[in-house]
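Residues per chain are reported as follows:
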Amino acid sequence: MGDQLAKVKTSVSELDLDAIAPSVQEALDAGEEPALILANMADGMAAVGELFEKGEYFLADLVLAGEGMKEGLEVLEPHLEAGDRGGKGTVVLCTVKGDIHDIGKNLVATMLSSAGYTVIDLGTDVSEDEIVGAVRANNAGAVGLSVLLTPMVDSISDVVRALESAGLRDKVKIAIGGACTTQELADRMGVDALGRDAVEAIRIFEGFFA
Ligand code: B1M
């Protein structure tokens, strides 16, 4: 791994917030691939999650890491989106009702738009009614749901049911992802696919729109 990429990862994992956006810029200036820079940011954030689980980082650190990730993504996004943006299909993406985690969802959104999809990002804590409205308004072909909190998994079936009631379920494919999701959960909730990381998520949406 190049020095610049290592710096991107450690600036995130060591919570060196002032260094995250500059290190992304330096990696770009050094000619590193934007997708590789994004992958290193995600690795850094994964390390933050592990250190939190070991008790070495605290909730306040996680909030700060999230802010640093957003600043880094702002620098990176224009470079990722240089391709033929939006033409492959429309995806409604959000974090489910009751859940405000957005770092993973934002990574998925960034990668989807850089891969050529139009992403309607509804944000976090989004109700099934908002999702149905966005699918209808944008004629979306797919929905991506990010779910990190186990107590909120029923929000997934709420979305499935709401799309069924609106007569839209056979027009949209649904994928879920996030720390608490499993294939067993995906099957139980009646969704079409599970994405374990942002790269797998892209493969899934490629399949949905093929
Ligand atoms: Co909280 N949190 N958190 N948290 N948080 C978890 C999820 C937790 C596992 C930590 C723990 O206790 N071990 C735990 C949930 C336990 C559970 O229910 N299973 C937890 C908890 C309990 C909570 C609170 C309840 C804590 C409290 O207040 N007592 C609270 C909940 C608030 C709420 O949502 N209502 C809370 C709050 C927070 C912060 C605000 C402090 C912060 C979020 C900041 C933000 O998002 N802006 C935070 C964080 C950062 C975490 C951890 C440490 C890291 C999550 C993260 O960003 N990971 C997390 C522990 C963990 O996951 N190890 C934890 C990095 C990110 C890149 O990965 O989101 O998994 P991830 O996304 C990946 C893949 O999952 C996939 O692609 C992404 C990129 O590769 N993916 C998708 C994600 N979404 C996808 C959608 C797709 C496809 C793929 O669509 C198709």
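Thresholds, definitions, all that
Residues numbered from 1 in each chain as written. Predicted model: local features only at pLDDT ≥ 70, side-chain atom pairs only at ≥ 80, totals over all residues. Heavy atoms only, no water. Helix = DSSP H or I, 4+ residues; strand = E, 2+ residues; numbered from the N terminus. Patch = residues over 30% accessible without salt bridge, like charges linked within 9 Å, V, L, I, M, F, W, Y side chains within 5 Å. Areas by Shrake-Rupley, 256 points an atom, 1.4 Å probe, with all protein chains shown as cover. Salt bridge = Lys/Arg side-chain N within 4 Å of Asp/Glu carboxyl O. Lys, Arg positive; Asp, Glu negative; His and termini not counted. Charge placed at Lys NZ, Arg CZ, Asp CG, Glu CD. Buried < 20%, exposed > 50% of the residue type's maximum accessible area, 1.4 Å probe, protein only. 1 Å grid on protein atoms, 1.4 Å probe; cavity = no way out; pocket = protein on both sides within 12 Å on 5 of 7 lines; lining within 4 Å. Points joined across faces, edges and corners; volume = space filled by probe spheres on them. Nonpolar A, V, L, I, M, F, W, Y, C, P; charged D, E, K, R; others polar. Domains from an automatic or database assignment. Core = buried A, V, L, I, M, F, W, Y, C linked by side-chain atoms within 4.5 Å. Contact = heavy atoms within 4.5 Å. Pairing = 2+ DSSP bridges. Right-handed = clockwise from strand over helix to strand, strands pointing away.

### Comments concerning the environment of Ser 157
Here's step 1: Structurally, the position occupied by Ser 157 is in helix H7 (residues 154-165).
Here's step 2: Placed 14 residues apart in sequence, Ser 157 and Val 143 show a C-alpha to C-alpha distance of 13 Å.

### What to know about a negative patch on the surface
Here's step 1: On the surface, a cluster of negative charge is contributed by Glu 14, Asp 16, Asp 18, Glu 71 and Glu 74.
Here's step 2: Looking at the secondary structure, you find Asp 18 in helix H2 (residues 17-29).
Here's step 3: Note on Asp 18: relative accessible area 71%, which makes it exposed.

### Regarding the layout of surface pockets
Here's step 1: Its boundaries defined by the atoms lining it, the largest pocket holds a volume of some 1,400 Å³.
Here's step 2: Lining the largest pocket are 46 residues, with Met 45, Ile 103, Gly 104, Leu 148 and Ala 179 sitting closest to its centre.
Here's step 3: Among the secondary structure elements, those contributing two or more residues to the lining of the largest pocket are helix H3 (34-53), helix H4 (59-80), helix H5 (103-114), strand S3 (142-146), strand S4 (173-177) and helix H9 (198-208).
Here's step 4: Per-element accounting of the lining of the largest pocket gives the leading share, 11 residues, to H3.
Here's step 5: Taken together, the residues that form the lining of the largest pocket break down as 28 nonpolar, 9 polar and 9 charged.
Here's step 6: When we break the lining of the largest pocket down by domain, the ones giving at least three residues each are domain 1 (3-80) and domain 2 (86-208).

### Brief notes about the nonpolar core
Here's step 1: Core analysis: the largest hydrophobic core is formed by 40 residues, its most contacted members being Ile 37, Val 48, Leu 76 and Phe 205.
Here's step 2: Split by domain, the residues of this core number at least three in each of domain 1 (3-80) and domain 2 (86-208).
Here's step 3: What Leu 76 contacts, discounting residues up to four positions off in sequence, is Val 24, Leu 28, Pro 34, Ile 37, Leu 38 and Met 41.
Here's step 4: Membership of the second largest hydrophobic core comes to 29 residues, among which are Val 126, Ile 131, Ala 140 and Leu 168.

### Focus: the pairing of S3
Here's step 1: Across the 5 residues that make up S3, a large majority, 5, are buried.
Here's step 2: Across the two faces of S3 the burial is the same, with Ala 142, Gly 144 and Ser 146 and Val 143 and Leu 145 all buried.
Here's step 3: Pairing of strand S1 (residues 90-95) with S3, which is carried by 5 bridges, proceeds in the parallel orientation. Paired with Thr 95 across the bridge in S3 is Ser 146.
Here's step 4: Where S3 and S4 come together, 5 bridges link them in parallel fashion. Its bridge partner lying in S4, Ser 146 is registered against Gly 177.
Here's step 5: With respect to chirality, the unit in which S3 leads through H7 into the neighbouring parallel S4 is right-handed.

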